[in-house]
Amino acid sequence: MSSHSELKTSQDVHLRAKQIKSLIRSLKQKIKKIEREGEVAPANCHIIRYQVNGKGTIYWYYKLQAAESIFPMATNNDKKTKYKYLGRAGSSAHIDAVEKLTRRNLIDELERVIQSLTESYLDIYIGTETE
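Only a predicted model underlies this, so the values are computations on that prediction, with no experimental measurement involved.

### Some remarks on the packing of aromatic side chains
Within the structure shown, the criterion is met by two aromatic pairs. Ring centres 6.1 Å apart and planes at 40° place the aromatic pair Tyr61 and Tyr85 in the tilted group. Of this pair, Tyr61 sits in strand β2 (residues 57-66) while Tyr85 sits in strand β5 (residues 83-87), and the two are 24 residues apart along the sequence. Judged by its relative accessible area of 52%, Tyr85 is exposed. By way of ring pairs, the aromatic residues Tyr50, Tyr61 and Tyr85 are connected into one cluster.

The structure is reproduced here in structure tokens:
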């Protein structure tokens, strides 16, 4: 009787592992689809809103900020800066950056889920070795 329960447990383990692998493949396909939709913002970037005071009026502008200096400087393409000027709200550069950043954030989240599922996949087999 124990061989029947061992077989059932083994089949259950393989079924769960197969489901996880299938889900990982599906999520990787979603990442590829997002990448085909358009350019993706570099990792570790976000959009900053800042104000400029001018002759009694406050103006709001936007820039893309990276963790490291990766953008070419406007005055010298050989040098890099952490910032990329986007202009005012709704400008083409601003909207483009929002779209790129949205794709980056979706991909980052899917990659976190894939990492978690990969750990779960390993847990299935590690857990069966101790049982």
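### Quick word on the pairing of β2
With ten bridges joining them, strand β1 (residues 45-54) and β2 adopt antiparallel strand pairing. Its bridge partner lying in β2, Gln51 is registered against Trp60. Turn length for the β1-β2 hairpin, with the two strands adjacent in sequence and antiparallel, is two residues, and the turn residue Lys55 shows positive phi of about 40°. Across four bridges, the pairing between β2 and β5 is antiparallel. Bridged to Leu64 within β5 is Lys84.

Definitions and cut-offs
Residues numbered from 1 in each chain as written. Predicted model: local features only at pLDDT ≥ 70, side-chain atom pairs only at ≥ 80, totals over all residues. Heavy atoms only, no water. Phe/Tyr/Trp six-rings, centres within 6.5 Å; stacked < 30°, edge-to-face > 60°. Helix = DSSP H or I, 4+ residues; strand = E, 2+ residues; numbered from the N terminus. Buried < 20%, exposed > 50% of the residue type's maximum accessible area, 1.4 Å probe, protein only. Pairing = 2+ DSSP bridges.

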